[in-house]
Amino acid sequence: MGPNFISLTDPRLIKTIYSTRGNYAKSDFYSVNDVLQDGHIIQNVFSTRSNAFHAKYMRPIQKLYSMSGILSLEPLADTTISIFCRRLEELFVDRPNTCDIGDWLLYYAWDVVGEVTFSQPIGFLEEGTDINDMLVTAEKALDYFAVITQMPKLDHLLDKNPLYRLGPPSFGAAAGYCAQRMMERIQHADTHNHSQPDFLDHFLEMKKTYPDVVDNKQVIGYLLINILAGADTTAITLRAIIYYLLKNPSAMAKLYAELDAANLPLPASYDSVRNLPYLSAVLREAMRMHPAVGMIMERIVPSGGLALPDGRFVAPGTIVGMNPWVVHRNQEIFGADADRFNPDRWLKGEDEDEETYRERLKRMKDADLTFGAGNRVCLGQNLALMECNKVVATLFSRYNFGLEDPKREWNIQNSWFVRQTDIRIRITRHNKATA
Ligand code: HEM
């Protein structure tokens, strides 16, 4: 790809490069995500290249992101899903108005992360637009990240310049928002509903459990990670699910059939949807076709080097990595139709015996890089899966969706996250009789 930099595609190498031991460290690509504060470079759990730093700051929060930790936040997610449905109904459902669902899924994703983090939505769904330029700033920061990570040294001139900071737009507004919520919680702890703890409650609790690791600054750091890593990625995944369903009416019909038969409570509980086979297949397939991360996740070959399956040898110190978009289109793993959206590939074929299916499924799961892999796998995947499963099941139980112009394609732009725009749809009520 460039000097000392190799793009790998063989899925057999995933477990080596993205190992759970963390012996392939992240490259300087990730340093662009550090921040310069009072003359010091501050790393975070995503950007750090050090296993020791990573372990130290992950330890206090890891269990909060386990599935049982995430499920304790489900009532907060329900609140946002109800607001989302109400806003769609006020503005679009059974009305002649076209909905740019890409924008509204972004508002939902930011608000649901706000709700589980602070017990209050940021307010995008109510406003129906950007607030304090938070969304546009996040986009510009990603545009910067995608370009400058290719030559991280430039970052020392632009973002980390000790004399004069030239850019990109900083996360000042988002960090200020997090700091404000934290101070309010500390000062008005008595007015907060402690029977339903949120992430902020848990992070503040960690100050007591890990006083030498977690202080107020670190709490803000954890809060920011939730907002910045968790919102855009979830919105991108939801857009992919809805777009591919709209472009593939037979898949959409199968999903409606499954959801209608399930007769779900609304908002759908995670428990009632987690084992719906077709819904799970749709989610997996949309994430395979359109993983949120669209660049190489760079790692450094450790001492000892890397022997490739074809016998070639990669020297220690070389930067290697894989791009989920490339691996997910591997025809040997996903079949000759790997470029097509086909949720059925995740289900057992009619003529397929159980053992063949299990092996095929395992090969596909092992090659799934949607959430990365190894010791630096996505911290928030359980949260993202809960949010996506619940909202997709709820939306497709309540509404019919149709593209305004079925021939038109969406626009996509790869800025590390591969974001989509221009998904214009019409919405009507599904199963009117039961509405
Ligand atoms: C569908 C939604 C999401 C997708 C597709 C996604 C994808 C990813 C990927 C591919 C990585 C690995 C990046 C790399 O190795 O370079 C990652 C890491 C990470 N993600 Fe996510 N993510 C999602 C949602 C979330 C959420 C909701 C949160 C937080 C609440 C989150 C927090 C993180 C963090 C902290 C890391 C860094 C982990 C580490 O380096 O140890 N993500 N994510």
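In this report, we go over the structure that sits alongside the text. The written sequence of each chain sets the order in which its residues are numbered from 1. Whole-chain, interface and lining totals are the exception, using all residues; otherwise, since this is a predicted model, local features are given only for residues with pLDDT of at least 70 and side-chain atom pairs are given and counted only at 80 or more. Computation of side-chain values covers all heavy atoms of the structure but excludes hydrogens and water.

**A look at the packing of aromatic side chains**
For this analysis, a ring pair means two rings from Phe, Tyr or Trp (six-membered ring only for Trp) whose centres lie within 6.5 Å, classed as stacked if their planes differ by under 30 degrees, edge-to-face if by over 60, and tilted for the remaining angles. With the rule as written, the count across this model stands at 27 aromatic pairs. A centroid spacing of 6.5 Å and a plane angle of 50 degrees characterise the contact between phenylalanine 46 and phenylalanine 145, whose relative ring orientation is tilted. Of this pair, phenylalanine 46 sits in the loop between β3 (40-42) and α2 (51-58) while phenylalanine 145 sits in helix α7 (residues 134-148), placing them 99 residues apart in sequence. Throughout this description, buried means an accessible area under 20% of the type-specific maximum (1.4 Å probe, protein chains only), exposed means over 50%, and partly exposed covers the range between. According to the relative accessible area criterion, phenylalanine 46 is partly exposed, its value standing at 28%. Between the aromatic rings of tyrosine 244 and tryptophan 410, the centroid separation amounts to 5.6 Å while the plane-to-plane angle is 80 degrees, which identifies the pairing as edge-to-face. Every helix listed is a DSSP run of H or I at least four residues long, and every strand listed is a run of E at least two residues long, numbered separately from the N terminus.

**Focus: the sheet that holds strand β1 (residues 5-7)**
Paired strands, in this sense, are two strands between which DSSP finds at least two bridges. Spatially, β1-β8-β5 is the arrangement adopted by the 3 strands of the open sheet, whose pairing is mixed. Edge positions in the sheet fall to β1 and β5 (297-300), since each has one partner strand and no second. Averaged over all adjacent pairs, the angle separating strand axes in this sheet is 30 degrees, with direction ignored. Two elements, β1 and strand β8 (residues 319-322), share 3 bridges in a ladder whose sense is parallel. Bridge pairing in β8 links phenylalanine 5 to isoleucine 319. Every axis corresponds to a line fitted to the C-alpha atoms, with the helix fit spanning only the stretch in contact, and the corresponding angles, defined between N-to-C directions, vary from 0 to 180 degrees.

**With respect to the pairing of strand β11 (residues 417-421)**
Residues in a regular strand point their side chains to alternate faces of the sheet. Here β11 lies mainly inside the structure; 4 of its 5 residues are buried. Note: strand β10 (residues 411-415) against β11, 5 bridges, orientation antiparallel. Bridge assignment links serine 415 to a residue of β11, and that residue is phenylalanine 417. Linking two consecutive strands that pair antiparallel, namely β10 and β11, is a turn of 1 residue; a positive phi of about 70 degrees is found at tryptophan 416 within it.

**What about the layout of surface pockets?**
Using a 1 Å grid laid over the protein atoms alone, points where a 1.4 Å probe fits but cannot get out form a cavity; open sets with protein on both sides within 12 Å along at least 5 of 7 lines form a pocket; any residue with an atom within 4 Å of a point counts as lining. Grid points are joined across faces, edges and corners, and a volume is the space filled by probe spheres set on the points. Space inside the second largest pocket adds up to approximately 570 Å³. Ser280, Arg284, Met287, Lys365 and Leu385 are the residues nearest the centre of the second largest pocket, which is lined by 24 residues in total. Looking at the lining of the second largest pocket, the elements that each hand over two or more residues are α14 (277-289), α17 (354-366) and α18 (381-398). By residue number, the principal contributor to the lining of the second largest pocket is α14, which donates 6 residues.

**Points about the site of the ligand**
A molecule or strand has a residue near it when one of that residue's heavy atoms lies within 4 Å. As a matter of local geometry, the ligand sits amid 29 residues, with Tyr30, His54, Arg299, Arg376 and Cys378 nearest to it. Contact distances for the ligand include 2.5 Å between an oxygen atom and a side-chain N or O atom of tyrosine 30. Residues adjacent in sequence count toward polar contacts only when both atoms are side-chain atoms; beyond that, a polar contact is any pair of N or O atoms within 3.5 Å, and within protein one must be able to donate a hydrogen and the other to accept it. With respect to the ligand, the side chain of histidine 54 contributes an N or O atom lying 2.5 Å from an oxygen atom. Elements that contribute at least two residues to the shell around the ligand include exactly α2, α11 (216-247), β5 and α18. Here the shell around the ligand gets 7 residues from one element, more than from any other, and that element is α11. Three categories are distinguished: nonpolar for Ala, Val, Leu, Ile, Met, Phe, Trp, Tyr, Cys and Pro, charged for Asp, Glu, Lys and Arg, and polar for the others, with Gly belonging to the last. A class-by-class count of the residues in the shell around the ligand yields 17 nonpolar, 9 polar and 3 charged.

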